[in-house]
Every structure is written in structure tokens, then in C-alpha cells.
Amino acid sequence: MAAGVTVTFRPSAPLAEADLAGVPGVDAITVGDDGIWDVTGRGNLAHEVTRALAARDVVPLSLNIVQADLESAFVALTGKES
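Everything numeric here is computed off the predicted structure, so don't read it as measured data.

S.K.: What should I look at first to understand the pattern of salt bridges in this one?
M.R.: Where charged atoms from two side chains of opposite charge approach closely, those side chains can pair. Counted by the stated rule, this structure contains 3 salt bridges. Across the pair D27 and R42 runs a salt bridge whose closest N-O atoms are separated by 3.1 Å. One end of the pair, D27, is in strand β2 (residues 26-31); the other, R42, is in the loop between β3 (37-41) and α2 (45-55), with 15 residues separating them in the sequence. R42 gets classed as partly exposed once you look at its relative accessible area, which sits at 46%. The partner of E48 in a salt bridge is R51, with the nearest N and O atoms 2.9 Å apart. Taken together, the residues span about one helical turn, with E48 and R51 both in helix α2 at a distance of 3 residues.

S.K.: Where do I start with the sheet that holds strand β1 (residues 5-11) in this structure?
M.R.: What holds strands together in a sheet is hydrogen bonding between their backbones, with the strands either parallel or antiparallel. With antiparallel pairing, the 4 strands of this open sheet are ordered in space as β2-β3-β1-β4. In the strand order of this sheet, the two ends are held by β2 and β4 (60-67), each with one partner. Direction aside, the axes of adjacent strands within the sheet are offset by 15 degrees on average. With 5 bridges joining them, β1 and β3 adopt antiparallel strand pairing.

S.K.: Would you take a moment to explain the side chain of T8 for this structure?
M.R.: Along the polypeptide, T8 turns up in strand β1. Looking at T8, the relative accessible area reads 17%, which means it is buried. Engagement of the side chain of T8 in a polar contact is seen with the side chain of D38, the distance being 2.7 Å. With sequence-adjacent residues up to four places away left out, T8 is seen in contact with I36, W37, D38, S62, L63 and N64.

S.K.: I'm lost on α2 in this one. Help?
M.R.: Owing to its 3.6 residues per turn, the α-helix aligns residues three or four sequence positions apart on the same side. When we look at burial in α2, the residues that qualify are L45, A46, E48, V49, A52 and L53. Here the buried face of α2 lies against β1, α1 (18-21), β2, β3 and β4. Where α2 ends, the next residue or the one after it, D57, has phi of about 60 degrees, a positive value.

S.K.: Whenever I open this one, the pairing of β2 confuses me. Can you help?
M.R.: Sheet faces and side chains relate simply in a regular strand, where the side chains alternate between the two faces. Relative to β3, β2 is paired through 5 bridges, and the arrangement is antiparallel. Paired with T30 across the two strands is D38, which belongs to β3. Adjacent in sequence and paired antiparallel, β2 and β3 are bridged by 5 residues, among which G35 carries a positive phi angle near 85 degrees.

Conventions adopted
- Residues numbered from 1 in each chain as written.
- Predicted model: local features only at pLDDT ≥ 70, side-chain atom pairs only at ≥ 80, totals over all residues.
- Heavy atoms only, no water.
- Salt bridge = Lys/Arg side-chain N within 4 Å of Asp/Glu carboxyl O.
- Helix = DSSP H or I, 4+ residues; strand = E, 2+ residues; numbered from the N terminus.
- Buried < 20%, exposed > 50% of the residue type's maximum accessible area, 1.4 Å probe, protein only.
- Pairing = 2+ DSSP bridges.
- Axes fitted to C-alpha atoms, helices over the stretch in contact; angles between N-to-C directions.
- Polar contact = N/O pair within 3.5 Å; in protein donor to acceptor, adjacent residues only side chain to side chain.
- Contact = heavy atoms within 4.5 Å.

Quick look at the structure:
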């Protein structure tokens, strides 16, 4: 199933991808050259990611949470646009 949530942020302190790899619901982590993290997954991802960050005393700056819409989910599942 396609990822339904993307959490984007810039960490306030150093962070390793391994710090979030085991977080429930995380499917993929991408760190851009600009230091912006994109964490995609499912379920209550925003809560789980921010909880993991708080446990490491990291504040998610410029936090943005995007939930996939129904059309995006359909395309991801079928490979066809409606």
C-alpha cells in the first residue's frame, strides 16, 4: 500500500536517519541537501515522529504534515489516473 502521510521538517539539532527508522508507521526517510527531512508512512505518523524527536530533544522546525488525497491514493494503488 502507498504511503499516506508525509511529515516534513528541519531538525533543530543533529539527527541520524537511524533515529527515526524504527518509528512505528515510517516507510521511508529522505534528507535533502538543504537539511529538510521528508518522512513518509502511514497511521498516526505525525504523532510518532514528533514523539521520537522529542525523546531526543529535537524540535521539528518548519513542520509540515500532508495527508494523501483519495486521487493520489488511487493512482499509487492502480498506476492509473482517473
